[in-house]
Amino acid sequence: MYGKKQWRGLEVEGRYSDIMTFFVRDLVDNKLVVKEYNEYPHYYFTIEYMKQIHSNVNPKCVSIIRDILDTTNCAITIEADTVTLKNIPVDLVNRCHIIYRIQDPAVQLLKDTDTLSIDAGWYRVHQITKCNMMEIKPDNYKFDEEL
């Protein structure tokens, strides 16, 4: 939900799809708008939130994620890109599900049977056919609720 700091809805991306999720783009009064962390089985921290950790704008951003991990069995997804991934604390890398964002509009030009190849270094290649990837469209987000 563009323009919102926190909202809820079913996750539609990644391995936690179809789970009720509390989405966090930013803190409200330096906290999450939940009574208890156990209210939601899954928390999703957006790239905007993670950029705050990267630029060290608010130290509370990391401690909230750690508090959820330390006091509940909730799953946590964090978004990352080439800028933020290197600065995510190691304990969060090990304990959270990461959705790594790669922005390339040329992917839409590929046929479903074409292969997406990500070169990660000398002879380190990850590949998947486009038809085996999740495709999320704006309509998938229609049930998100503002808090």
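Refer to the structure printed above.
A short tour of the structure in this document, coming up. Remember, it's a predicted structure, so these values are computed and weren't measured experimentally. (Residues numbered from 1 in each chain as written. Predicted model: local features only at pLDDT ≥ 70, side-chain atom pairs only at ≥ 80, totals over all residues. Heavy atoms only, no water.)

**Describing the pairing of strand β4 (residues 75–80)**
- Counting buried residues in β4 gives six out of six residues, a clear majority hidden from the surface.
- Of the two faces of β4, both are covered, the one formed by A75, T77 and E79 as well as the one formed by I76, I78 and A80.
- Where strand β3 (residues 42–45) and β4 come together, four bridges link them in parallel fashion. Residue pairing across strands places F45 opposite I78, the latter belonging to β4.
- Here β4 runs beside strand β5 (residues 97–100); their pairing, made up of four bridges, is parallel. From the neighbouring strand, A80 faces β5, where its bridge partner is Y100. (Buried < 20%, exposed > 50% of the residue type's maximum accessible area, 1.4 Å probe, protein only. Helix = DSSP H or I, 4+ residues; strand = E, 2+ residues; numbered from the N terminus. Pairing = 2+ DSSP bridges.)

**Overview of the nonpolar core**
- Ranked by size, the top nonpolar core spans 24 residues in total, and within it L32, Y43, F45, Y49, I65 and I76 carry the most contacts.
- At the level of elements, β2 (20–24), β3, α1 (47–54), α2 (60–71) and β4 are the ones that each hand at least two residues to this core.
- Here the element with the most residues in this core is α2; it accounts for six residues.
- If we ignore the near neighbours within four places in the chain, the residues touching Y43 are T21, F22, L32, V34, E36, Y37, N38, I68, C74, A75, I76 and T77. (Core = buried A, V, L, I, M, F, W, Y, C linked by side-chain atoms within 4.5 Å. Contact = heavy atoms within 4.5 Å.)

**Side note on the environment of K35**
- Note that K35 resides in the loop between β2 and β3.
- Residue K35 is classed as exposed on the basis of its relative accessible area, which comes to 81%.
- Considered as a pair, K35 and D18 are 17 residues apart in the sequence and their alpha carbons are 22 Å apart.

**Regarding the environment of K5**
- The topology assignment puts K5 in the segment before β1 (6–10).
- You can call K5 partly exposed: its relative accessible area is 43%.
- Ignoring any residue separated from it by four or fewer positions in sequence, one finds K5 in contact with F23, V24, R25, D26, L27 and V28.

**Considering α2**
- With 12 residues, α2 should reach 16 Å at 1.5 Å per residue; the first-to-last C-alpha distance of 16 Å fits that figure.
- Of all the residues in α2, the buried ones are C61, V62, I64, I65, I68 and L69. Buried residues of α2, viewed axially, fall in a sector of 165°; they line one side. For α2, exposure combined with an orientation more than 90 degrees from the buried face picks out D70 and T71.
- Looking at the buried residues of α2, the elements they touch are β3, α1, β4 and α3 (90–95). (Expected span 1.5 Å × (residues − 1). Arc of directions from axis to C-beta.)

**Comments concerning the pattern of salt bridges**
- A full pass over the atoms with the stated rule returns nine salt bridges.
- The partner of D139 in a salt bridge is K142, and the shortest N-O contact between them spans 3.4 Å.
- Residues joined in a network through salt bridges with shared partners are E13, E79 and R101. (Salt bridge = Lys/Arg side-chain N within 4 Å of Asp/Glu carboxyl O.)

**Regarding the sheet that holds β5**
- If you walk across this open sheet you meet the six strands as β5-β4-β3-β2-β1-β8, and the pairing is mixed. For this open sheet the edge positions go to β5 and β8 (145–146), each flanked by a neighbour on one side alone.

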